[in-house]
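# Examination of the molecular architecture
The residues making up each chain are set out below.
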Amino acid sequence: MNTDTDQSGELDELLREVSDRARPAAEDGEVADYIPALGDLDPRRFSLAATEMDGTEHTTDDADVPFPIQSISKVFALVLAMQKADQGSGVRDELWRRVGREPSGDPYNSLVQLEREQGVPRNPMINAGALLVDDVLLDHCDDARASMHALVSELAGEEVGVDEAVMQAERDTASRNRAMANLMASFGNLTHTVDEVLDLYVDQCAISMTTRQLARSVRFLANDGIDPASGRRILSSTLTRRVAAIMLTCGTYDAAGEFAFKVGLPCKSGVAGAIVALVPRRMGVCVWSPPLEPSGNSLAGRVALSELSARLNLSIF
Ligand code: DON
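Residues numbered from 1 in each chain as written. Predicted model: local features only at pLDDT ≥ 70, side-chain atom pairs only at ≥ 80, totals over all residues. Heavy atoms only, no water.

### Let's talk about helix H4 (residues 91-98)
- Of all the positions in H4, only Val91, Glu94, Leu95, Trp96 and Arg98 are classed as buried.
- Those residues of H4 that are buried lie in contact with helix H3 (73-86), helix H6 (127-140) and helix H12 (237-250). (Buried < 20%, exposed > 50% of the residue type's maximum accessible area, 1.4 Å probe, protein only. Helix = DSSP H or I, 4+ residues; strand = E, 2+ residues; numbered from the N terminus. Contact = heavy atoms within 4.5 Å.)

### Considering unusual backbone geometry
- With a phi close to 50°, Gln70 is a non-glycine residue in the positive phi region.
- The phi dihedral of Asp224 is positive, around 60°, even though this residue is not glycine.
- Looking at the element boundaries, Asp224 is found in the loop between helix H11 (211-217) and H12.

### A look at the site of the ligand
- Lining the immediate surroundings of the ligand are 14 residues, of which Gln70, Ser71, Glu170, Tyr201 and Val271 lie closest.
- Here a nitrogen atom of the ligand and a side-chain polar atom of Glu170 are 2.8 Å apart.
- At 2.9 Å, a side-chain N or O of Tyr253 approaches a nitrogen atom of the ligand.
- In the complex, 96% of the free accessible area of the ligand, which totals 340 Å², lies under the protein chains.
- Its atoms largely coinciding with the cavity grid, the ligand occupies the largest pocket.
- Considering only residue class, the shell around the ligand consists of six nonpolar, seven polar and one charged. (Near = heavy atom within 4 Å. Polar contact = N/O pair within 3.5 Å; in protein donor to acceptor, adjacent residues only side chain to side chain. Areas by Shrake-Rupley, 256 points an atom, 1.4 Å probe, with all protein chains shown as cover. 1 Å grid on protein atoms, 1.4 Å probe; cavity = no way out; pocket = protein on both sides within 12 Å on 5 of 7 lines; lining within 4 Å. Sits in = over half its atoms within 2 Å of the grid points. Nonpolar A, V, L, I, M, F, W, Y, C, P; charged D, E, K, R; others polar.)

### Notes on the pairing of strand E1 (residues 47-52)
- Within E1, five of the six residues are buried, which leaves the element mostly enclosed by the surrounding structure.
- Summarising the sheet, E1 and strand E8 (residues 283-288) pair through six bridges and their orientation is antiparallel. In the sheet register, Thr51 faces E8, and the bridge partner there is Gly284.
- Examined bridge by bridge, E1 and strand E2 (residues 57-59) share three bridges and lie antiparallel to one another. In the strand pairing of E2, Ala49 is matched with Thr59.
- Taking the residues between adjacent antiparallel strands as the criterion, E1 and E2 are bridged by four residues, where Gly55 takes a positive phi near 95°. (Pairing = 2+ DSSP bridges.)

### Here we look at the pattern of salt bridges
- Within this structure, the stated rule accounts for 21 salt bridges.
- Notably, a salt bridge pairs Asp20 with Arg23, separated by 3.1 Å at the nearest N-O pair.
- Among the ionic pairs, Glu57 bridges to Arg216, the shortest N-O distance being 2.5 Å. Residue Glu57 is found in strand E2, and its partner Arg216 is found in helix H11; the two are separated by 159 residues along the sequence.
- For Glu57, a relative accessible area of 27% corresponds to the partly exposed category.
- By relative accessible area, which is 17% here, Arg216 ends up buried. (Salt bridge = Lys/Arg side-chain N within 4 Å of Asp/Glu carboxyl O.)

### Some thoughts on a positive patch on the surface
- A cluster of basic side chains, namely Arg92, Arg101, Arg241 and Arg242, defines a positive patch on the protein surface.
- Tracing the chain through its elements places Arg101 in the loop between H4 and helix H5 (112-116).
- Judged by its relative accessible area of 49%, Arg101 falls in the partly exposed class. (Patch = residues over 30% accessible without salt bridge, like charges linked within 9 Å, V, L, I, M, F, W, Y side chains within 5 Å. Lys, Arg positive; Asp, Glu negative; His and termini not counted. Charge placed at Lys NZ, Arg CZ, Asp CG, Glu CD.)

### Concerning the sheet that holds strand E4 (residues 161-162)
- Spatial strand order, E3-E5-E4: three strands in an open sheet with antiparallel pairing. The open sheet has two edge strands with one neighbour each: strand E3 (67-68) and E4.

### Considerations on empty space enclosed by the protein
- Applying the stated criterion across every chain, the model contains one cavity of 30 Å³ or more.
- Its volume calculated, the largest cavity comes out at about 70 Å³.
- What lines the largest cavity is Ser104, Asp106, Pro107, Tyr108, Ser110, Gln113, Leu114, Val120, Pro121, Arg122, Ile126 and Ala128.
- Its residues assigned to classes, the lining of the largest cavity shows seven nonpolar, three polar and two charged. (Points joined across faces, edges and corners; volume = space filled by probe spheres on them.)

Okay, structure coming up:
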């Protein structure tokens, strides 16, 4: 009969095998290079981390090397907005009037749909949708930036910082995001100035975390909204399911179908090469490998999650 320690050791070994199989795929991807701080990322960096509900952590390789979480922050921003909705402040109706819940089928930074659909972004996981969520947060939080940092630090179990160089560079190269915000404003779907919204957005993209911290941080979404570390309810069951559903359908952009097919778990990617995944009632997972496939998701990350899901039979379908 297996003891817990045996099982934990088996999972360590399995993560190592999955990492070994996935790592070579990175050679066919491209590291994002729209800012030097990302272009300089070593394409050989890799880590796979899983945190179980009892807090047991399993990690491989560069599990303690920080990187900017980029679009993974869109999950935390949505959670914060959902928390406001949970508090009955009318945010729920407002949010879903101003942003949709459908996959876009377009790149994460596309402007096309926004023009055709009167400034209402398809979902909160693409750039336009995240800017919209940030606009909502600016309305409903006393200090949205501080609230975001407090939430992420609480979930990570330690203080998280911001990569100032990344933040500055994001701001200096934000022409497309600025264009999206302006387009939404032109349709009357932005209440704050473009600069205020962008400031919050570039700050959240530059939050610096490790795969170990991210695996911990998303566990509550796999645990009915309760952070297993503290026992604190972060989000109601219903809204937790909603966030997970949006991650599954929209979290990996135009590859969401492929992720559902191969991985079968709610996931969210960031352009620095990390992907978080939720294994309901079992664990939070994060993989990091900077080279991306054309949709903007980590290539070796996708391979690792497919392999992990297949080996442990994790698909929710
Ligand atoms: O706004 C941007 O384009 C980037 N700072 C974040 C995009 C991102 O992470 C897309 N994910 N793969």
